[in-house]
Amino acid sequence: MKRRKFLQVAAAGAGAAALGPLVGCTPVATSPTPLDVKGYLKEPARRIPVVDRADVVVLGGGPAGVAAAVSAAREGADVLLVERQYYLGGLWTGCCVLPVNNTDALLKDGSWRRVVRGFSEEICTRLTAMGMCIDIKEGSTPVPDPEAAKYVLERMLEESGVRLLYNCQGAGILRSGDRVDALILETKSGRVAVQAGLFVDASGDGDILEWAGEDFDIRRHQIGAMWRCGNAGALQRKGVLDTPVKGVKLFHTHGEMEQDGLDIYNLTRLQVKLRRQMWETAEEDRRQPGCEDLFLLDSTSLLGVRSTRVLRSLHNVTFDESLRYTHYDDCIGIGGADPWFSYRDGTLPGRKRPAWQIPYRSLVPRKVPNLLVAGRCFGYDEQIVYDAREVATCFVTGQAAGVAAACAVLGRTDVRSLDIPHLRHRLQAQGVNLGA
Ligand SMILES: Cc1cc2nc3c(=O)[nH]c(=O)nc-3n(C[C@H](O)[C@H](O)[C@H](O)COP(=O)(O)OP(=O)(O)OC[C@H]3O[C@@H](n4cnc5c(N)ncnc54)[C@H](O)[C@@H]3O)c2cc1C
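Bear in mind that the values here come from a model prediction, so they are computed numbers and not experimental data.

J.: Can you tell me about the site of the ligand, naming the residues and giving the values?
T.: By nearness alone, 33 residues border the ligand, and E83, V97, P99, G170 and R389 come closest of all. Residue E83 places a side-chain N or O atom 2.7 Å away from an oxygen atom belonging to the ligand. Protein coverage of the free-state accessible area of the ligand, which is 1000 Å², stands at 97%. Of all elements in the fold, only α2 (63–74), α3 (91–94), β9 (169–176), β12 (216–230), β16 (304–305) and α10 (391–410) reach the threshold of two or more residues within the shell around the ligand. Here the shell around the ligand is composed, by residue class, of 14 nonpolar, 12 polar and seven charged. Each of two domains, domain 1 (3–19 + 221–304) and domain 2 (50–217 + 308–429), supplies a minimum of three residues to the shell around the ligand.

Here you go:
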């Protein structure tokens with residue numbers, strides 16, 4: 001692609017930031033693109049030291065994982081959160097996908113109201129009190145500062161007594177019958193294992209689902225990027241968002257469509273390409289009057305992978321159910337709508353899209369009795385992807401998975417036999433909105 005055309009595409013992507021995602025994802029029936037395997041080697045059997053035990057182990061410290069860990073600990077569970085990076089927040093902070101989308105939606109009485117409360121509201125309120133989150137009021141989309149969010153998420157873990165392990169790449173599981181017994185971690189201290197009564201897969205990519213032989217779909221979606229520039233106050237470009245820090249603006253490109261987010265070669269190619277696009281866009285923007293000192297603040301440490309493995313749960317939420325305000329007896333939270341997005345091939349404006357209930361069953365795998373799933377890999381049909389994987393919804397499913405995990409492990413029951421009225425009671429006690 002010629003440089004000019006390349007930059008036009010970048011600008012178009014950036015311009016679409018406030019419009020939300022533009023195209024859908026496609027399901028891949030069985031597996032990701034197979035790697036070009038040159039042969040196989042056999043690894044000798046080895047003993048793995050068990051370095052930790054907890055009631056609940058959460059894999060992944062993104063929005064869903066942190067909400068799950070904090071919420072489980074607040075219910076009295078001993079919780080260990082395992083994260084491969086050195087910060088919390090996942091794509092929210094590490095890929096600068098800052099706007100907490102889908103906090104609000106249309107209610108039956110025709111009003112547009114905030115429907116996502118609980119953990120989501122708590123953290124945005126906290127960041128706002130620090131002067132590090134803008135547009136928090138009902139009807140707007142909260143936009144935090146990523147560094148402040150990383151700081152507050154660590155404080156919340158500390159305050160709730162969650163134990164945290166960074167720089168641990170989940171690499172597999174060990175089973176005991178149909179249960180997950182231990183999570184294997186590759187770390188700088190070597191290969192280790194942690195055991196728990198219950199595991200929450202909040203890896204975004206459903207890594208435990210794969211290792212545990214659970215049912216899931218693999219979806220291809222756009223892989224794009226977001227980044228920030230400093231000294232950008234004077235920049236005139238559609239779709240570039242303000243952030244809480246003066247002169248710092250947020251940029252966005254949709255990247256490439258229908259990408260395999262589980263293929264390391266593809267991910268590397270896209271990372272290199274998108275970083276170049278960020279740099280060249282910043283160079284271009286610096287030529288605007290008043291933007292001579294604009295600079296690329298961060299090219300973000302996580303690539304913008306939107307969707308990969310998605311659980312085939314006890315009940316995957318469908319788009320039609322969500323449009324009909326379908327009521328579930330096991331509702332564990334309310335999902336919102338993207339006001340800038342047009343649904344159903346553009347015929348349904350986001351502002352007309354109603355709030356929707358999320359059933360507990362959509363977090364529950366079909367096979368493993370001590371596993372729950374939260375965040376962008378919980379069970380929903382592909383058409384609802386614009387709502388189901390946004391940050392606010394990840395907070396909702398994370399908080400529900402955390403409370404459910406604590407209820408299951410402390411009540412010595414499995415995830416499919418949970419006392420649902422008790423779960424809902426505990427969620428309400430944590431400030432979750434269960435009715436829309
Ligand atoms: C380009 C782009 C733009 C977006 N824009 C918006 C937006 O404007 N507003 C919005 O609300 N949403 C947006 N989203 C969606 C949203 O950011 C994500 O869907 C959301 O962050 C998912 O949260 P999660 O906790 O499920 O997973 P993630 O945020 O992906 O977090 C998963 C965490 O698990 C860790 N992890 C993964 N695998 C392992 C492993 N094996 N071992 C250890 N740790 C592991 C990761 O490091 C990460 O910290 C966007 C997404 C993308 C890609």
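J.: Tell me about the pattern of salt bridges, and name the residues and values.
T.: Inspection of the entire model under this criterion finds 33 salt bridges. A salt bridge links E122 to R74, with the nearest nitrogen and oxygen atoms 2.7 Å apart. With a gap of 48 residues between them, E122 in helix α4 (residues 118–129) and R74 in helix α2 connect regions that are remote in the sequence. Judged by relative accessible area, E122 falls into the partly exposed class, the value being 27%. When its relative accessible area of 37% is taken as the criterion, R74 is described as partly exposed. Put simply, R353 and D387 hold a salt bridge, and the shortest N to O gap is 2.7 Å. Taken together, the residues span a long stretch of sequence, with R353 in the loop between β20 (348–349) and β21 (356–359) and D387 in helix α9 (residues 385–388) at a distance of 34 residues.

J.: Hey, could you go over empty space enclosed by the protein for me, with residue numbers and the actual values?
T.: Over the atoms, a rolled probe matching the size of one water molecule traces out where space is still vacant. Within this structure, the stated rule accounts for three cavities of 30 Å³ or more. Approximately 60 Å³ is the volume attributed to the largest cavity. When residues of the lining of the largest cavity are assigned to their parent elements, the largest contribution, three residues, is made by α10. Residues that form the lining of the largest cavity fall into these classes: seven nonpolar, two polar and one charged.

J.: Can you tell me about the environment of N316, naming the residues and giving the values?
T.: Turning to its location among the elements, N316 is positioned in the loop between β17 (309–311) and α8 (319–323). Judged by relative accessible area, N316 falls into the buried class, the value being 14%. A distance of 2.6 Å separates a polar atom in the side chain of N316 from a polar atom in the side chain of S313.

J.: Help me get a handle on unusual backbone geometry, residues and values and all.
T.: One non-glycine residue with positive phi stands out, namely N231, at about 55 degrees. Following the sequence through the fold, N231 ends up in the loop between β12 and β13 (241–242). Among the residues examined, N231 registers a relative accessible area of 43% and is labelled partly exposed. Positive phi outside glycine occurs at E258, with the angle close to 50 degrees. Relative to the helices and strands, E258 resides in strand β14 (residues 249–259).

J.: Pulling in residues and values, what's your account of α2?
T.: If you check α2, its first and last C-alpha atoms are 17 Å apart, about what 12 residues at 1.5 Å a residue would give, namely 16 Å. Most of α2 is tucked away: 11 of the 12 residues are buried. Those residues of α2 that fall on the buried side of the exposure criterion are P63, A64, G65, V66, A67, A68, A69, V70, S71, A72 and A73. Just downstream of α2 lies G76, where phi reads positive at about 100 degrees.

J.: Lay out the packing of aromatic side chains with the relevant residues and their values.
T.: With the rule as written, the count across this model stands at eight aromatic pairs. Where F378 meets Y380, the ring centres are 5.0 Å apart and the plane angle is 50 degrees; that geometry is what we call tilted. For the pair shown, F378 and Y380 are each scored as buried. Among the aromatic residues, those joined into a cluster by ring pairs are F319, F341, Y343 and Y386. One Lys or Arg, K150, reaches over the ring of Y87 and ends 4.6 Å from the middle of that ring. Its end group placed over the ring of F216, R309 keeps NZ or CZ at 5.9 Å from the ring centre.

J.: How would you summarise the domain arrangement of the protein chain if you had to cite specific residues and measurements?
T.: Split by domain assignment, the protein chain resolves into domain 1 (3–19 + 221–304) and domain 2 (50–217 + 308–429). Taking the mean C-alpha position of each, domain 1 and domain 2 sit 27 Å from one another. With 19 residues of domain 1 at the interface, the matching set in domain 2 holds 27 residues. Of the roughly 1700 Å² buried between domain 1 and domain 2 on both sides combined, carbon and sulfur atoms contribute 69%. The largest per-residue losses of area from domain 1 upon contact with domain 2 belong to P244, L262 and L302, which jointly make up 34% of the total buried on that side. Counting across the domain 1 and domain 2 interface gives one salt bridge.

J.: Tell me about the environment of D181, and name the residues and values.
T.: Structurally, D181 can be placed in strand β10 (residues 179–187). The spatial distance from the C-alpha of D181 to the C-alpha of F199 is 9.0 Å, given a sequence separation of 18 residues. Residues contacting D181, with those up to four places away along its chain left out, are L174, R175, S176, V194, Q195, A196 and F199. At 3.2 Å, the side chain of D181 forms a polar contact with the side chain of Q195.

So, how was this worked out
Residues numbered from 1 in each chain as written. Predicted model: local features only at pLDDT ≥ 70, side-chain atom pairs only at ≥ 80, totals over all residues. Heavy atoms only, no water. Near = heavy atom within 4 Å. Polar contact = N/O pair within 3.5 Å; in protein donor to acceptor, adjacent residues only side chain to side chain. Areas by Shrake-Rupley, 256 points an atom, 1.4 Å probe, with all protein chains shown as cover. Helix = DSSP H or I, 4+ residues; strand = E, 2+ residues; numbered from the N terminus. Nonpolar A, V, L, I, M, F, W, Y, C, P; charged D, E, K, R; others polar. Domains from an automatic or database assignment. Salt bridge = Lys/Arg side-chain N within 4 Å of Asp/Glu carboxyl O. Buried < 20%, exposed > 50% of the residue type's maximum accessible area, 1.4 Å probe, protein only. 1 Å grid on protein atoms, 1.4 Å probe; cavity = no way out; pocket = protein on both sides within 12 Å on 5 of 7 lines; lining within 4 Å. Points joined across faces, edges and corners; volume = space filled by probe spheres on them. Expected span 1.5 Å × (residues − 1). Phe/Tyr/Trp six-rings, centres within 6.5 Å; stacked < 30°, edge-to-face > 60°. Lys NZ or Arg CZ within 6 Å of the ring centre and 35° of its normal. Contact = heavy atoms within 4.5 Å. Buried area = accessible area lost by both parts, 1.4 Å probe.

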